[in-house]
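The primary structure of each chain is shown beneath.
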Amino acid sequence: MPNRSAVAVSCTNLAKRYGNGAPVLKDISLQIDTGETIALIGSNGAGKSTLLKCLIGLHDISGGKLNILGEQFERAPTGAQRKAIRRQIGFVFQQHGLVKRLSAHSNVVQGFFGLAGGWRAVSQMTASQDMRLAAMEALEAVNLTEKAQSRADQLSGGQSQRVAIARALVRQPKLFIADEPAASLDPSSGRDVMERFSHLAKDFGITLIFTSHDMEHALSYADRLIALKDGAVFIDAATADLKSKDLAGVFDG
Amino acid sequence: MADVHTRHVPPRMGSVSALQFTLWVVIGAIIIASITQVTPSPERLAEGAPRIARLLSRMLPPNTDPDFLGRMFWKLVETMQIAIAGTVLGVILSLPIAWLSARGITPVPVLAFFFKGLVSLFRTIPDLVWALIFVVSVGLGAVAGTMTILVDTIGFCGRFFAEAMEDADKAPQEALDATGASRLSILLGAVIPDALPSLINTTLFALEKAVRSSVVLGLVGAGGIGQELKTAFDLFQYRNASAIIIAIFIIVLAMEWLTDRLRRALN
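Predicted model, so just to flag it, every value in this text is computed and none were measured.

Cut-offs used in this document
- Residue positions are given per chain, counted from 1 along the sequence in the order it is written.
- Whichever chain is written first becomes A and whichever ligand is written first becomes 1, with later ones labelled in order.
- Restriction of local features to residues with pLDDT of at least 70 applies here, the model being predicted, together with a cutoff of 80 or more for giving and counting side-chain atom pairs; totals for whole chains, interfaces and linings are based on all residues.
- Helix and strand labels come from DSSP, where a helix needs a run of H or I of at least four residues and a strand needs a run of E of at least two; each type is numbered from the N terminus.
- The globule rule used here is 2.2 Å times the number of residues to the 0.38 power, and the radius of gyration it is set against is calculated over C-alpha atoms.
- DSSP-based pairing: two strands are paired if at least 2 bridges between them are found.
- Fitted lines through C-alpha atoms serve as axes, helices being fitted only where they are in contact, and the angles separating the N-to-C directions of these axes extend from 0 to 180 degrees.
- Exposure classes come from backbone-placed C-beta atoms, where a residue is buried if 20 or more other C-beta atoms lie within 10 Å of its own, exposed if 12 or fewer do, and partly exposed in between.
- Here contacts are defined at the residue level, using C-beta atoms placed from the backbone and a cut-off of 7 Å between them.
- Classification convention: Asp, Glu, Lys, Arg as charged; Ala, Val, Leu, Ile, Met, Phe, Trp, Tyr, Cys, Pro as nonpolar; all other residues, Gly among them, as polar.
- Joined through C-beta atoms within 7 Å, a set of buried Ala, Val, Leu, Ile, Met, Phe, Trp, Tyr and Cys residues constitutes a nonpolar core.
- The score called pLDDT rates the predictor's confidence residue by residue, from a low of 0 to a high of 100.
- The span you would expect from a helix comes to 1.5 Å times its residue count less one.

Novice: With reference to specific residues and values, describe the overall build of chain A.
Specialist: The helix and strand inventory of chain A stands at seven helices and ten strands. Expected size for 253 residues packed as a compact globule is a radius of gyration near 18 Å; at 18 Å, chain A falls within 12% of this value. C-alpha extents for chain A along the principal axes are approximately 50 × 40 × 40 Å.

Novice: Let's hear about the sheet that holds strand β7 (residues 175-179) of chain A: which residues, and what values?
Specialist: Residue and element names in this part refer to chain A. As summarised here, the arrangement of the six strands in space is β6-β7-β8-β3-β9-β10, forming an open sheet in which the pairing is mixed. Where the open sheet ends on each side, the last strands, each with one partner, are β6 (89-92) and β10 (232-238). Along the sheet, successive strands turn relative to each other by an average axial angle of 15°, direction set aside. In this structure, strand β3 (residues 37-41) lies alongside strand β9 (residues 224-229), joined through four bridges in parallel fashion.

Novice: Could you give an account of the environment of Leu 132 of chain B, naming the residues involved and the relevant values?
Specialist: Residues and elements named next belong to chain B. The topology assignment puts Leu 132 in helix α6 (residues 127-138). Assessed through the 17 C-beta atoms surrounding it within 10 Å, Leu 132 is described here as partly exposed. The spacing of Leu 132 and Leu 217 is 85 residues in sequence and 9.0 Å in space, taken between C-alpha atoms.

Novice: Please give an account of the interface of chain B and chain A that cites residues and values.
Specialist: With 17 residues of chain B at the interface, the matching set in chain A holds 20 residues. Of all elements in the fold, only α8 (170-178) and α9 (183-217) of chain B reach the threshold of two or more residues within the side of chain B that touches chain A. Residue contributions to the side of chain B that touches chain A peak at seven residues, all from α9 of chain B. Partitioning the side of chain B that touches chain A into residue classes produces ten nonpolar, four polar and three charged.

Novice: Report on the nonpolar core, specifying residues and quantitative values.
Specialist: Residues Ala 166 of chain A together with Met 165 of chain B are the most contacted members of the largest nonpolar core, which totals 134 residues. Ranked by the residues each element gives to this core, the list is headed by α9 of chain B, at 14 residues. Discounting residues that sit within four places of it in the chain, Met 165 of chain B has contacts with Ala 98, Trp 99, Ala 102, Ile 105, Val 191 and Ala 195 of chain B.

Novice: Please set out the confidence of the model for chain B residue by residue, giving values where relevant.
Specialist: All names here are of chain B. In the predicted model, chain B carries a mean pLDDT of 89, and 98% of its residues have values of at least 70. Here helix α1 (residues 2-8) stands out as the least confident element of chain B, with mean pLDDT 62; helix α7 (residues 142-167) is the most confident, with 94. What the predictor reports for the complex is a pTM of 0.81 with an ipTM of 0.85.

Novice: I'd love a proper account of helix α6 (residues 187-204) of chain A, names of residues and values included.
Specialist: The terminal C-alpha atoms of α6 of chain A lie 26 Å apart, and with 18 residues this matches the ideal 26 Å at 1.5 Å per residue to within 8%. Positive phi shows up at Gly 205 of chain A, right after α6 of chain A, with a value of about 65°.

Novice: Which residues make up the pairing of strand β1 (residues 7-17) of chain A, and what are the values?
Specialist: All names here are of chain A. Strand direction decides the pairing type here: β1 and strand β2 (residues 23-33), joined by seven bridges, are antiparallel. Within β2, the position partnered with Val 9 by the bridge is Ile 32. A loop of five residues connects β1 with β2, the two strands running antiparallel in sequence, and Gly 19 in this loop sits at a positive phi of about 60°.

Novice: Run through the environment of Gln 20 of chain B, naming residues and quoting values.
Specialist: Residue and element names in this part refer to chain B. By the secondary structure assignment, Gln 20 is in helix α2 (residues 18-38). Residue classification places Gln 20 among the exposed residues on the basis of 11 C-beta atoms within 10 Å. For the pair Gln 20 and Phe 113, spaced 93 residues apart in sequence, the C-alpha separation works out to 34 Å.

Novice: Go over the sheet that holds strand β4 (residues 63-68) of chain A, please, and point to the residues and values.
Specialist: Residue and element names in this part refer to chain A. If you walk across this open sheet you meet the four strands as β2-β1-β4-β5, and the pairing is antiparallel. This sheet does not close on itself; its edge strands, each paired only once, are β2 and β5 (71-74). With direction set aside, neighbouring strand axes in the sheet form an average angle of 15°.

Novice: Account for the confidence of the model for chain A, with residues named and values stated.
Specialist: Residues and elements named next belong to chain A. Taken residue by residue, chain A gives an average pLDDT of 89. The fraction at 70 or more is 98%. By mean pLDDT, helix α1 (residues 48-55) is the weakest element of chain A at 85, and helix α3 (residues 104-109) is the strongest at 95. Of the regions scoring below 50 in pLDDT, residues 1-5 engages in seven contacts with residues more than four places distant in sequence or in other chains.

In structure tokens, the structure reads:
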């Protein structure tokens, strides 16, 4: 069982502004425990993407403290910290980001980039036998072994996103970061992907932070919901305690 | 009502400034001067026609002497070798040059301009001029021809490879970048697979172009069948010349047919 007491990500009084502009994030303090599934919601411009980028050390912060997977810093992580953080994160993107002309298997193998020996991860042809095997296991975890040799552009939207999840999983990450993982999919594929993704994260004890515009997804697949409004935390509560009506106002200007 | 409409109809032409008017007059003058000075007059065409007919009659029938055909065959083989070696080496060198010059992909943005400039230099100087330079520097023969095709291929492929790389799908590149993949890993893992159809297309065009070029390089001493053609004209062996021209026609046509088939098969 994953150790639920450990903190995956925490921030204290986090603030972020670009240049001399108005603050995008204001005084955000939160703690995300290992193994938790978090839905990050809010209207466009509420600061979701910025917070996500700060939480993975991609953006420097203007104030406060961050602790990401044991790496603590103020302002900006050091180069070594940034590398250490990236090594432990599996990313899933709205547009999937698969290389269309490569097979599903090769795309999953590419998840090894940035890790030790990752230079061989160009495709399944150049990868080590261990990487090829691990990639097949990751495809099995998303129930797509039979599509291993299919080219990415021959997959359906849902299958393609599942391959992208396998590519993130093959890194054996401590944290999944998913930016609107279901937004490019039809409702039924979107639910299927979110269902599998959230179960996978639980089964492997991986912390999952996903952004979404879909309230149903946020309430169904996350343990906890964090809603941002105007750069500040508007709601931070367990989804079990929330009703749709509690969320009224999140998307209001 | 009619009045209102008439008043609101825009003018047929925008107003022309004095500078624009002057420019139009200058452009017109250049076109007229060019046509009148360097295109043949009807009288000259009339004079030339019988000479062309006489030349044609001296060219026919093409020489089919086995000794000559044998010599021509080996010169054609050399021509193809120049084209193939020059294109293959040119394409191999074009890939890193294109990578270094492609916007948003190059690992050394400060040098991208330099590599783009180098490719432009290779492209803008005509192949016959390169051939003259290489004949002087490495001597007469096929090596100078291969060097010429190589430089010409870099000028052509370097540009189009870079454009294909710049146009490659950005989403997988960003996904791999997030993992901490190196620039080279992103190139090999995402950019090249995505740009591959375009890279192959460009390579096939380069090969086609190289075959056409390698045929004429011999005219300035850079090896291949062109050398035989020049000798035939210099020594008034017009029947040899016609045989060579027919052979060139067949080989260029065959190459175009082949690359066309390959392109279709790949698409």
